[in-house]
Every structure is written in structure tokens, then in C-alpha cells.
Amino acid sequence: MSEAAMPDQERVGVLTDAITHVREKVAAAAKRNVVNAPVVRLVAVSKLKPASDILGLYKTCGQEHFGENYVQELVEKAKVLPAEIKWHFIGSLQSNKCSMLAEIPNLYAVETVDSLKKARRLNDARPAGMSPLNVFIQVNTSGEASKSGLAPGADVDELAAYIARECARLTLKGLMTIGSVAMSQASGHGAALENTEFAVLVAQKARLEAALGLSGLELSMGMSEDYERAIAQGSTSVRVGSLIFGARPPRNGH
Ligand SMILES: *Cc1c(COP(=O)(O)O)cnc(C)c1O
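Quick look at the structure, then. Predicted model only: the values in this text are computed from it and were never measured.

As a further point, take the overall build of the protein. Secondary structure assignment for the protein yields 10 helices and 8 strands. Taken against the 2.2 N^0.38 rule, which gives 18 Å for 254 residues, the C-alpha radius of gyration of the protein at 18 Å falls within 12% of a compact globule. Across its three principal directions, the C-alpha atoms of the protein cover 50 × 45 × 35 Å. A buried classification covers 54% of the 254 residues belonging to the protein. Long-range pairs, those at least 24 residues apart, make up 62% of the contacts in the protein between residues at least 6 apart in sequence. Accessible surface for the protein amounts to roughly 11,300 Å². Of this, 53% is attributable to carbon and sulfur atoms. Separation of charge centres in the protein, based on 28 positive and 27 negative side chains, amounts to 2 Å.

Now the structure itself:
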């Protein structure tokens, strides 16, 4: 049951042009990095943007993956948008919201798992009749106090082992990070400079795969300002918002 309305033709045109541009850049960056990232998923980050924008991109451009930051907003949008949409929860995760999230049938992934408790709650709440829920462990690669996520190292290994071995309703899909603005500006898009925070995530993944005997873990890293750089370093899933939808309104203003 889909109830959201389509945006007007002008808005459809703006969104189509924007996502086409980003898709071309993603494909070109992925092609340059044949070793690490043959296929890169583009998650369109639609937080604080109307459901009509999402419907327009889905119907006109076939865009299926969308990212949202607020549980209530995601629940409301999921109700009025096509069930084929694959939602990513990318906001900071609270334990008491885990069950509400896990019950959304077309939730594709929770990208911000950073504790055993939250993993357990998601696992317990994911209904048996639904497919297992993909999860990414959020890693704080910049060390900024303002950022969620586990410090790289043993804590990540421990949580990954817990999810892989004890959470039958979850699938450990990969690792996610939000780079610092300073590092993003210093390394930029096309520049040859390595983003050392992204490099930390790459190293963490290699270490984890070796320690747990896993393979094929994904890396969710890169946003509007640095997704090409992230792909150059091996990202398989980029989260791009403002470049597709335009600047966001302040959260309280909506
Ligand atoms: C808002 C957000 C994005 C998108 O940011 P843009 O700079 O608009 O591309 C990506 N990832 C996370 C975790 C976000 O909160």
C-alpha cells in the first residue's frame, strides 16, 4: 500500500539530474578501483526530506536504497512508500528503539550497531517470519567524542563475533564509519591524499576477517563530500544525501 504522492515534474527533474550525476561519479570511481570495489551501492540519504522525493526517485530512477536517521520518521515513511524500498537506518541507535526498527519488514540494514546490548535487542525483536536483518558495526575511526561507534580494535572484534555466532536473526554485513569533516576536507574528492580514517576501517575489516574466518564484509563509508575518495579506498556502500536532495532544513524546523 503506497500512499505518498509524486513530487511535481520540476522536482522530479531536479532529483533525476542530481542522482544521475552521482551515479556516474560512483560508477567511474568504482571502475578506477577494480581491485576493491567492483560494485558500489548508492544509499540515498533522505532524512528530513519528504516521502514524495523518495517516491519520485524510486519510480523515475529505480532508486531502491534509502537511508534515514530518525526511527519515527523512518517508520512513518515506510508506511506510505512501496514495500520494495530497502531502508537503511544510519542514525544514532538507542536501545529502546531497537524493537520498533527490527519490525519494519523492508528494513534492509541497521548501519549503526555499536554494542552487544543493541545487537541482542535487534536480534530478539526481528520477527521469525522476516528475513534476517543486515547489520553494520559502527566504528569511530576519527576518535572524535561527538561520534558514536566503537573504537577500532578488540571491542569491534568482540561485537562482530557475537553477531556472527549468537545472533541468528542478524547477518553481519560489514563495518560503517562517519569520517571527520577535517579529514574529509584535507583529503577531498579526487585528491591523491589518503583519508587515514577510511584506512583505519579498511584495516579493521582485514583484521576482523582474519580473526573470525569471515570474508566479503562490506565497508559503508563516504558521504556527499568524500564518496569518491571512499570508493578509491574500498568502500562498497556510500551514503549520499545533500548532493541528491539539496541542503536539508534544520531538524527542528520541520
Ligand atoms: C546525513 C548523513 C549522511 C549524508 O550526508 P550528506 O553530507 O548530506 O551526504 C550520511 N551518513 C550519515 C550517517 C548521515 O547522518
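We are not done yet, so read on.
Here the largest pocket is characterised by a volume of approximately 610 Å³. Lining the largest pocket are 29 residues, and of these Lys47, Ile178, Gly179, Met223 and Arg239 sit closest to its centre. It is helix H7 (residues 181-187) that contributes the most residues to the lining of the largest pocket, 3 residues altogether. Taken together, the residues that form the lining of the largest pocket break down as 7 nonpolar, 16 polar and 6 charged. Along the walls of the second largest pocket sit 13 residues, with Asn69, Tyr70, Val71, Gln72 and Arg251 positioned nearest its centre. Of all the elements, helix H3 (residues 71-80) adds the most residues to the lining of the second largest pocket, at 3 residues. For the lining of the second largest pocket, a count of residues per class yields 4 nonpolar, 6 polar and 3 charged.

Time to look at the environment of Ala164. The residue Ala164 is located in helix H6 (residues 154-166) in this model. Separated by 48 residues in the primary sequence, Ala164 and Leu212 have C-alpha atoms spaced 8.8 Å apart.

What counts and what doesn't
Residues numbered from 1 in each chain as written. Predicted model: local features only at pLDDT ≥ 70, side-chain atom pairs only at ≥ 80, totals over all residues. Heavy atoms only, no water. Helix = DSSP H or I, 4+ residues; strand = E, 2+ residues; numbered from the N terminus. Rg over C-alpha atoms; globule rule 2.2 N^0.38 Å. Buried < 20%, exposed > 50% of the residue type's maximum accessible area, 1.4 Å probe, protein only. Contact = heavy atoms within 4.5 Å. Areas by Shrake-Rupley, 256 points an atom, 1.4 Å probe, with all protein chains shown as cover. Lys, Arg positive; Asp, Glu negative; His and termini not counted. Charge placed at Lys NZ, Arg CZ, Asp CG, Glu CD. 1 Å grid on protein atoms, 1.4 Å probe; cavity = no way out; pocket = protein on both sides within 12 Å on 5 of 7 lines; lining within 4 Å. Points joined across faces, edges and corners; volume = space filled by probe spheres on them. Nonpolar A, V, L, I, M, F, W, Y, C, P; charged D, E, K, R; others polar.

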